[in-house]
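# Understanding the architecture of this molecule
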Amino acid sequence: MSPENATTPVLLVEGLRKIYPAPTPQAEAIEAIRDLTFSIPQGQLVCIVGPSGAGKTTLLKCIAGLLPPTAGRLELEGKAITGPPKTMAVVFQEYGRSLYPWMSVQANVELPLKSAGVPKAERHQRCSEALEAVGLSDAADKYPWQLSGGMQQRVAIARAVAYRPQILLMDEPFAAVDAQTRADLEDLVRKIWKELGVTVLFVTHDIDESVYLGQRVIVLSNRPTVVQDDVTIDLPDERDQLTTRSDPRFVELRRHIYGEIQRAKTNAGGAQQPASA
Ligand SMILES: Nc1ncnc2c1ncn2[C@@H]1O[C@H](COP(=O)(O)OP(=O)(O)OP(=O)(O)O)[C@@H](O)[C@H]1O
């Protein structure tokens, strides 16, 4: 889906605040997120970056309905998020822990479909389409432990794709794979996003990755977290690892976001800092 078609808001985050209560009377509560507001139109591919500990995972867990917010409004397609939404799929960094080692690749991919009551024939069909999309058609009968890290992460992506979510959340999904595999998986995410028209919210530490992948990059401040910057990535929609990354505009956007992250490190809770700080 192209950016100009992305007009209908699918996700709303308004005034989100998350405080982790103190685990003991002596300890202090942790204000992970102070005040986050943004919305994401249908079909947009949005990356979230920010300093370590800025609350990126906390944000995704709140959106995924796995963690109750302390305050604020979270809506998916106009409905309050009060638990894991049926139209959402999540891919985590730790593919090793997200796949069941005793189940074949096919059984892993089909599991959420089975839970959703999808009939067997349709499960098989959707599974083989998803495995084909991630280049793993030959691996259906293998077990996760027989696959490389990159292949396991492909299986996790195939499982999300087979589910056909409206929105796909990805929390640093490629942090644990080698650079070449990472580049391949980035291209895979863009391909799937284009083919399915799914809305993608992708958390990463990697500034280059955020610019390469995203139509938009949201930069979070240091904890307690607010939105530090919201950058439109006005690169051509057709991207490839060599041409795009050497595009002067890519370099400019990367420099801008790098500067914002540096600024974010000193900008907690919206305290204004000069750009040169
Ligand atoms: N279950 C929890 N209980 C208490 N504090 C927590 C909990 N989970 C996270 N935190 C704290 O909340 C803050 C934000 O954590 P979070 O993992 O969301 O950040 P992050 O941006 O994803 O970090 P990183 O980039 O290092 O992965 C951190 O200070 C963290 O220690």
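Residues numbered from 1 in each chain as written. Predicted model: local features only at pLDDT ≥ 70, side-chain atom pairs only at ≥ 80, totals over all residues. Heavy atoms only, no water.

The name given to the protein in an unreviewed UniProt entry is ABC transporter, with the source organism recorded as Microbacterium aerolatum.

## Things to note about the overall build of the protein
Helix and strand counts for the protein come out as 9 helices and 10 strands. Compactness check: the protein gives a C-alpha radius of gyration of 19 Å against a globular reference of 19 Å for 277 residues, within 12% of the reference. With respect to the principal axes defined by its C-alpha atoms, the protein has extents near 55 × 50 × 35 Å. Relative to its 277 residues, the protein shows a buried fraction of 50%. Residue pairs at least 24 apart in sequence account for 71% of intrachain contacts in the protein once pairs closer than 6 positions are excluded. When the accessible surface of the protein is split by element, carbon and sulfur atoms take 52% of a total near 12,900 Å². Side-chain charges of the protein comprise 30 positive and 33 negative groups, with the mean position of each set lying 6 Å from the other. (Helix = DSSP H or I, 4+ residues; strand = E, 2+ residues; numbered from the N terminus. Rg over C-alpha atoms; globule rule 2.2 N^0.38 Å. Buried < 20%, exposed > 50% of the residue type's maximum accessible area, 1.4 Å probe, protein only. Contact = heavy atoms within 4.5 Å. Areas by Shrake-Rupley, 256 points an atom, 1.4 Å probe, with all protein chains shown as cover. Lys, Arg positive; Asp, Glu negative; His and termini not counted. Charge placed at Lys NZ, Arg CZ, Asp CG, Glu CD.)

## Comments concerning the site of the ligand
Around the ligand, 14 residues are found, and the nearest of them are S52, G55, K56, T57 and T58. Interatomic distance of 2.7 Å between a side-chain N/O atom of S52 and an oxygen atom of the ligand. Side-chain polar atom of R223 to an oxygen atom of the ligand: 3.2 Å apart, as the coordinates give it. Bound to the protein, the ligand loses 63% of the 640 Å² it would expose on its own. Elements represented by at least two residues in the shell around the ligand include exactly strand 2 (30-41) and helix 1 (56-63). Looking at the shell around the ligand element by element, the count peaks at 3 residues for helix 1. The residue inventory of the shell around the ligand, partitioned by class, reads 5 nonpolar, 6 polar and 3 charged. (Near = heavy atom within 4 Å. Polar contact = N/O pair within 3.5 Å; in protein donor to acceptor, adjacent residues only side chain to side chain. Nonpolar A, V, L, I, M, F, W, Y, C, P; charged D, E, K, R; others polar.)

## Some remarks on the packing of helix 3 (residues 105-115) against helix 5 (residues 149-162)
As a packed pair, helix 3 and helix 5 sit with axes 8 Å apart at the nearest point and diverge in direction by 35 degrees. Taken as a pair, helix 3 and helix 5 cross one another with a handedness that is right-handed. Only V155, A158, R159 and A162 of helix 5 make contact with helix 3, whose side of the interface consists of V105, N108, V109, P112 and L113. Looking at the contact of helix 3 with helix 5 residue by residue, the classes come out as 7 nonpolar, 1 polar and 1 charged. (Axes fitted to C-alpha atoms, helices over the stretch in contact; angles between N-to-C directions. Left-handed = near helix turned anticlockwise from the far one by under 90°.)

## Here's the deal with the pairing of strand 2
By the bridge criterion, 8 bridges tie strand 1 (residues 9-20) to strand 2 in an arrangement that is antiparallel. Its bridge partner lying in strand 2, V13 is registered against F38. One ladder, built from 2 bridges, connects strand 2 with strand 10 (residues 225-232); its direction is parallel. Paired with D35 across the two strands is V226, which belongs to strand 10. (Pairing = 2+ DSSP bridges.)

## Examining helix 3
Inspection of helix 3 places V105, N108, V109, E110 and L113 among the buried residues, and these make up the whole buried set. Contact partners of the buried residues in helix 3: helix 4 (120-133) and helix 5. Phi turns positive one or two residues past the end of helix 3, at G117, with a value near 80 degrees.

## Looking at the pattern of salt bridges
All told, the structure shown has 19 salt bridges when counted by the stated rule. A salt bridge links E186 to R245; the nearest nitrogen and oxygen atoms lie 2.8 Å apart. Taken together, the residues E186 in helix 6 (residues 179-196) and R245 in helix 8 (residues 241-245) connect sequence positions 59 residues apart. Overall, E186 belongs to the buried group, its relative accessible area being 2%. Taken together, the shared-partner salt bridges in this structure form one network comprising R182, E186, D206, D208, E209, R245 and R254. (Salt bridge = Lys/Arg side-chain N within 4 Å of Asp/Glu carboxyl O.)

## Considering the pairing of strand 10
When strand 9 (residues 216-220) meets strand 10, the two strands line up antiparallel, connected through 5 bridges. Within the sheet, the bridge partner assigned to R216 lies in strand 10 and is T232. Linking strand 9 back to strand 10 in an antiparallel pair, the connection comprises 4 residues.

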